[in-house]
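Notes for the structure review
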Amino acid sequence: MTVKTGTEISEAMDNDFKYSKDDICKICGVADITFKRFLAVSVLNQRDFTSIGSSHKQFYNENVLKQFQAWLMKNQINQGVQVR
């Protein structure tokens, strides 16, 4: 795995990879464990996320956010919870 330079990070952030795990959890109003459960059962393509820096912080694109939101709604429907 290669480490991206500052320029590559900026380009990635300007393009598709806008959301960190924390961003997605905040947008959806869920705890990070919920997103981890989603990742455990989902098959993400390499193009859906990128790892940046030596800590390999991951950023996700809009597709992952939409998949996660759909997963949340499906789980709520299966549990009989109404979404308002």
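Residues numbered from 1 in each chain as written. Predicted model: local features only at pLDDT ≥ 70, side-chain atom pairs only at ≥ 80, totals over all residues. Heavy atoms only, no water.

For the rest of this paragraph, the subject is the sheet that holds strand 3 (residues 57-60). Across the sheet, which stays open at both edges, the 3 strands sit in the order 1-3-2 with antiparallel pairing between neighbours. Each edge of the open sheet carries a strand with a single partner, namely strand 1 (19-20) and strand 2 (49-52). (Pairing = 2+ DSSP bridges. Helix = DSSP H or I, 4+ residues; strand = E, 2+ residues; numbered from the N terminus.)

As a further point, take the packing of aromatic side chains. What the rule picks out here adds up to 7 aromatic pairs. Aromatic pair Phe35 and Phe68: ring centres 5.0 Å apart, planes at 90 degrees, arrangement edge-to-face. Taken as a pair, Phe35 in helix 3 (residues 32-41) and Phe68 in helix 4 (residues 62-79) lie far apart in primary sequence, 33 residues in all. For the residue pair Phe35 and Phe68, the accessibility class agrees, reading buried in each case. One aromatic cluster is present, formed by Phe35, Phe38, Phe49, Tyr60, Phe68 and Trp71 through successive ring pairs. (Phe/Tyr/Trp six-rings, centres within 6.5 Å; stacked < 30°, edge-to-face > 60°. Buried < 20%, exposed > 50% of the residue type's maximum accessible area, 1.4 Å probe, protein only.)

Next up on the list: the state of the cysteines. Cysteine pairs can be linked by a disulfide, which is a covalent bond between their two sulfur atoms. Here the structure, examined in full by the defined rule, presents 0 disulfides. The cysteine Cys25 is free of any disulfide, with Cys28 supplying the nearest cysteine sulfur at 7.5 Å. (Disulfide = S-S within 2.5 Å.)

Bringing the nonpolar core into the picture now. One finds Tyr19, Ile24, Cys25, Phe35, Phe38, Phe49, Tyr60, Val64, Leu65, Phe68, Trp71 and Leu72 forming the largest nonpolar core, which totals 12 residues. The greatest single-element share of this core, amounting to 5 residues, is contributed by helix 4. Setting aside its immediate chain neighbours within four residues, Cys25 contacts Val30, Ala31, Asp32 and Phe35. (Core = buried A, V, L, I, M, F, W, Y, C linked by side-chain atoms within 4.5 Å. Contact = heavy atoms within 4.5 Å.)

What follows concerns the environment of Ile27. Summarising the element assignment, Ile27 is placed in helix 2 (residues 21-28). Placed 42 residues apart in sequence, Ile27 and Gln69 show a C-alpha to C-alpha distance of 9.6 Å. Among all residues touching Ile27, those that are not within four sequence positions of it are Tyr19, Leu65 and Gln69.

With that out of the way, let us pick up the pattern of salt bridges. The full count for this structure, using the stated rule, is 2 salt bridges. The salt bridge partner of Lys21 is Asp32, with a shortest N-O separation of 3.4 Å. Taken together, the residues Lys21 in helix 2 and Asp32 in helix 3 connect sequence positions 11 residues apart. What makes Lys21 partly exposed here is its relative accessible area of 25%. The salt bridge partner of Asp32 is Lys36, with a shortest N-O separation of 4.0 Å. Of this pair, Asp32 and Lys36 both sit in helix 3, 4 residues apart, roughly one helical turn. Under the relative-accessibility criterion, Asp32 is labelled partly exposed at 34%. Owing to a relative accessible area of 45%, Lys36 belongs among the partly exposed residues under this scheme. Here the residues in one salt-bridge network are Lys21, Asp32 and Lys36, joined through shared partners. (Salt bridge = Lys/Arg side-chain N within 4 Å of Asp/Glu carboxyl O.)

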